[in-house]
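What follows is each chain in one-letter form.
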Amino acid sequence: MKFSWKVLVLWTLPALIIGFFFWQGAFASAPAEMTKNTASTRMTYGRFLEYLDTGRVKSVDLYEGGRTAIVEAVDPELDNRMQRLRVDLPYNAPELVSRLRDSNISFDSHPMRNDGAIWGLLGNLVFPVLLIGGLFFLFRRSSNIPGGPGQAMNFGKSKARFQMEAKTGIKFDDVAGIDEAKEELQEVVTFLKQPERFTAVGAKIPKGVLLVGPPGTGKTLLAKAIAGEAGVPFFSISGSEFVEMFVGVGASRVRDLFKKAKDNAPCLIFIDEIDAVGRQRGAGIGGGNDEREQTLNQLLTEMDGFEGNTGIIIIAATNRPDVLDSALLRPGRFDRQVIVDAPDLKGRLEILKVHSRNKKLAPSVSLEAIARRSPGFTGADLANLLNEAAILTARRRKDAITLAEIDDAVDRVVAGMEGTPLVDSKSKRLIAYHEIGHALIGTLVKEHDPVQKVTLIPRGQAQGLTWFTPDEEQGLISRSQLKARITGALGGRAAEAEIFGHSEITTGAGGDLQQVSGMARQMVTRFGMSELGPLSLESQGGEVFLGRDWMSRSEYSESIAAQIDAQVRTIVAECYEIAKQIIRENRTVCDRLVDLLIEKETIDGEEFRQIVAEYTDLPEKQQFVPTL
Ligand SMILES: Nc1ncnc2c1ncn2[C@@H]1O[C@H](COP(=O)(O)OP(=O)(O)OP(=O)(O)O)[C@@H](O)[C@H]1O
Ligand SMILES: [Zn+2]
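Under the annotation held in an unreviewed UniProt entry, the protein carries the name ATP-dependent zinc metalloprotease FtsH and is attributed to Aliterella atlantica CENA595. The Subcellular location (unreviewed entry) field of the UniProt record for the protein holds the comment "Cellular thylakoid membrane". Its UniProt record, at the heading Subunit (unreviewed entry), says of the protein: "Homohexamer."

Asks: Provide a residue-level description of the overall build of the protein, including the pertinent values.
Replies: Within the protein, the regular secondary structure consists of 22 helices and 17 strands. Here the protein, with 628 residues, has 44% of them falling under the buried criterion. In the protein, of all internal contacts separated by at least 6 residues, the share reaching a separation of at least 24 is 70%. Roughly 32900 Å² of accessible area belongs to the protein as shown, and the carbon and sulfur atoms make up 54% of that amount.

Asks: Go over the UniProt feature "binding site: Zn(2+)" (unreviewed entry) in the protein, please, and point to the residues and values.
Replies: The positions that UniProt labels "binding site: Zn(2+)" (unreviewed entry) are, in the present scheme, H434, H438 and D512. Across 79 residues of sequence, these annotated residues stay compact in space, with a maximum C-alpha separation of 10.9 Å. Among all residues touching H434, those that are not within four sequence positions of it are G491, G492, R493, A495, E496, G508, A509 and D512. For D512, the location among the structural elements is in helix α18 (residues 510–525). Sequence-distant contacts of D512, that is, excluding residues within four places in its chain, are made with H434, H438 and A489. Within polar-contact distance, the side chain of D512 engages the side chain of H434 at 3.0 Å.

Asks: Report on the coordination of the zinc ion (ligand 2), specifying residues and quantitative values.
Replies: Within the protein, the zinc ion (ligand 2) binds to H434 (NE2), H438 (NE2), D512 (OD) and D512 (OD); these donor distances fall in the range 2.0 to 2.8 Å. Taken together, the four donor atoms coordinating the zinc ion (ligand 2) span angles of 52 to 145 degrees at the metal, a pattern that classifies the geometry as irregular. One chain supplies every donor to the zinc ion (ligand 2), and in sequence these donors are spaced H-x3-H-x73-D. One end of the pair, H438, is in helix α16 (residues 426–444); the other, D512, is in helix α18, with 74 residues separating them in the sequence. Both residues of the pair, H438 and D512, belong to the buried class.

Asks: Account for helix α17 (residues 479–500), naming residues and giving values.
Replies: Residues lying three or four places apart along an α-helix face the same way, a consequence of the helix completing one turn every 3.6 residues. Spanning 22 residues, α17 covers 31 Å between terminal C-alpha atoms, matching the ideal 32 Å at 1.5 Å per step. The sharpest bend along α17 comes to roughly 45 degrees, located at G491. G501 sits one or two positions beyond α17 and adopts a positive phi of about 95 degrees.

Asks: Could you give me a rundown of the packing of aromatic side chains, with the residues and numbers involved?
Replies: Within this structure, the stated rule accounts for three aromatic pairs. With centroids separated by 6.0 Å and ring planes inclined at 20 degrees, the aromatic side chains of F234 and F270 adopt a geometry described as stacked. Taken together, the residues span a long stretch of sequence, with F234 in strand β9 (residues 234–238) and F270 in strand β10 (residues 267–272) at a distance of 36 residues. Classification of F270 as buried rests on a relative accessible area of 2%. An angle of 80 degrees between the planes, with centres 5.7 Å apart, marks the rings of Y433 and F500 as edge-to-face. Of the two residues, Y433 is situated in helix α16 and F500 in helix α17; the sequence distance between them amounts to 67 residues. Overall, the relative accessible area of 5% leaves Y433 in the buried class. The ring of Y51 has R56 sitting right over it, with the charged end atom 4.8 Å from the ring centre.

Asks: Please give an account of the sheet that holds strand β1 (residues 41–43) that cites residues and values.
Replies: Spatially, the five strands line up as an open sheet ordered β1-β4-β3-β2-β5, and their pairing is mixed. Of all the strands in the sheet, the pair left with one neighbour each is β1 and β5 (106–109). On average, each strand axis in the sheet is inclined to that of its neighbour by 25 degrees, with strand direction left out of account.

Asks: Please give an account of the side chain of N586 that cites residues and values.
Replies: For N586, the location among the structural elements is in the loop between α19 (558–585) and α20 (587–600). Every residue in contact with N586, bar those within four places of it in the chain, is listed here: L440, L444 and T616.

Asks: Lay out the nonpolar core in plain terms, naming residues and giving numbers.
Replies: Nonpolar side chains in soluble globular proteins tend to be buried together. In this structure, L440, I486, L593 and F608 are the most contacted members of the largest nonpolar core, which totals 49 residues. Apart from residues lying up to four places away in sequence, L593 is in contact with I436, L440, I603, F608, I611 and V612. Counting residues in hydrophobic clusters, the runner-up holds 29 residues, among them L192, F270, A317 and V340.

Asks: How would you explain the UniProt feature "active site" (unreviewed entry) in the protein if you had to name every residue and give the values?
Replies: Mapped onto the present numbering, the UniProt feature "active site" (unreviewed entry) falls at E435. Positionally, E435 belongs in helix α16. The class of E435 is buried, set by a relative accessible area of 6%. Beyond its immediate chain neighbours, meaning those up to four positions away, E435 contacts V454, T455, G464, L465 and T466.

Asks: How would you summarise the pattern of salt bridges if you had to cite specific residues and measurements?
Replies: All chains considered together, the criterion is met by 27 salt bridges. With a closest N to O distance of 2.8 Å, R373 and D407 form a salt bridge. Taken as a pair, R373 in helix α13 (residues 367–373) and D407 in helix α15 (residues 403–415) lie far apart in primary sequence, 34 residues in all. When its relative accessible area of 8% is taken as the criterion, R373 is described as buried. Where K398 meets E405, a salt bridge forms, and the shortest distance between an N and an O atom there is 2.7 Å. With relative accessibility at 35%, the residue K398 sits in the partly exposed group. Among the charged side chains, a network of salt bridges with common partners joins R373, D407, D411 and K453.

Rules used in this analysis
- Residues numbered from 1 in each chain as written.
- Chains lettered and ligands numbered in written order.
- Predicted model: local features only at pLDDT ≥ 70, side-chain atom pairs only at ≥ 80, totals over all residues.
- Heavy atoms only, no water.
- UniProt positions renumbered as here; feature names shortened; annotations may be inferred.
- Helix = DSSP H or I, 4+ residues; strand = E, 2+ residues; numbered from the N terminus.
- Buried < 20%, exposed > 50% of the residue type's maximum accessible area, 1.4 Å probe, protein only.
- Contact = heavy atoms within 4.5 Å.
- Areas by Shrake-Rupley, 256 points an atom, 1.4 Å probe, with all protein chains shown as cover.
- Polar contact = N/O pair within 3.5 Å; in protein donor to acceptor, adjacent residues only side chain to side chain.
- Donors = N, O, S within 2.8 Å, 3.2 Å for Na, K, Ca; no water.
- Tetrahedral: all angles 85-135°; square planar, octahedral: opposite > 155°, others 65-115°.
- Expected span 1.5 Å × (residues − 1).
- Bend = angle between axes of the 7 residues up to and from the residue.
- Phe/Tyr/Trp six-rings, centres within 6.5 Å; stacked < 30°, edge-to-face > 60°.
- Lys NZ or Arg CZ within 6 Å of the ring centre and 35° of its normal.
- Pairing = 2+ DSSP bridges.
- Axes fitted to C-alpha atoms, helices over the stretch in contact; angles between N-to-C directions.
- Core = buried A, V, L, I, M, F, W, Y, C linked by side-chain atoms within 4.5 Å.
- Salt bridge = Lys/Arg side-chain N within 4 Å of Asp/Glu carboxyl O.

This is the structure we're talking about:
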């Protein structure tokens, strides 16, 4: 943190104040009773009751919240002399207290010895706490003057956790690569800016739009751009923040949010992750979640409670539209859906243009090459990629980002941080065979995507990696392509088993097998590519289609489940056999590639294919591979 007087004053002043009151509190109420609260002789509780019954007790003083009594009693064994005795009482003896009150024994109850000091201290703390609270509030206020450009204001963390930005400062130009979504939402800007145009001809302005798409595709950004273009305030909250532990809190947050929004209309409300509150009611584990349902009901009520021309538009985002309660999607609520998907090649190029505006790129770097190198990247990934590349450039003390940094940044975004390679050892050899297994099968199976590079440099969780260049914008995927992918993914395990023997296979294939099972299962249940025929048997969420409704997996018959499992197993077994066979038949080139990989740590796709081609014919598709 940078040094500033404001911070110094804000922290030291309260500290001094607290210190002062502690010091004062500790002395202020050192009680005078301390002297009375002592007695050297103890008496058991039973004895005390006996004394009480026989009328020997003259006075009782309770201390320490009723846990200790100092009793004055006459002791017959000591010539009826008065004695001060200390009795430890069983905690909280209310009958005793009422009995003493009703008797004519002198009875008093004192705050405990330290009670006095503690209460005094607490009493004295209330003031400084209020003072500090006030100071912080002032500080927050002064640094968050509403209306400042792009300023986020958090309305009282404890109550409504929504953010408000008076001006988002984001324009449609800042959002790229999702042109269709932008076009559809252009109209929303007009709803906010000129509602008269619609109401004049009797059109009902929609209240809610649902943005559907995977994380990081720019849904939040798009919503902010709408607010920015329309020049209206932007309220945002995440669905997960609505739902709290305490029943009723979520509903009251919804109420607060809409109240604030109405006060600031025209404006835009953005609810991220709406599926967190908007799941189908009564579908939760154990019959549902009262708090969530209450929150959802409040949201529905609020949405019904205002007219479309009030100037409030609600935009919600989710990547699971299928789990949403159908009440949310009815007319008058989120009745418009806009898909915000991961960008295609052209889209990625556009996004890269936006995010490279303020970055220094070497002339040799073409954004198009980066776009080609990053299939499947979302807008957030691309922004992250360029930033990582810039960080690497700075670390390497270069003055512009070159292809080397882009390349490393891609690997980093996809697979995580680079680790230190293993020294030559048996396990390094095994990993090399595993990766070469993937790459070799990827190269020799006809329908597989070409190898981009194989490396033994660990990244993230992986000890080695094989990269493939996916067929750009391929669209539909055929059954044989899926089987080729499964075979390739099994290549690592197949090589381990063929070379080192079944007893030496390792956990390194765990991730591969997960992918394999996922793909094979989808072939059977989603794409109707097995002997079970062209049937959709399972939704993405793991639900199963039976007759008219989607049901959870446990609801369909054991026999269907068994048939699905058998089909999945057949596909995987078949692919695994092919993979092992390819390794067996190409053992010589496999060994040579492993030696080379251990020596060089990385082999690029072109070199890899050249070496393989010396031993065997490459399938046609693999012979001409565009490189970056
Ligand atoms: N289409 C895009 N154009 C430009 N930048 C984008 C785009 N998509 C994402 N980004 C960048 O990624 C960041 C994160 O995106 P954003 O938060 O909008 O994604 P999201 O879809 O809302 O994700 P989530 O569902 O995880 O909230 C943005 O701030 C922006 O820098
Ligand atoms: Zn693997």
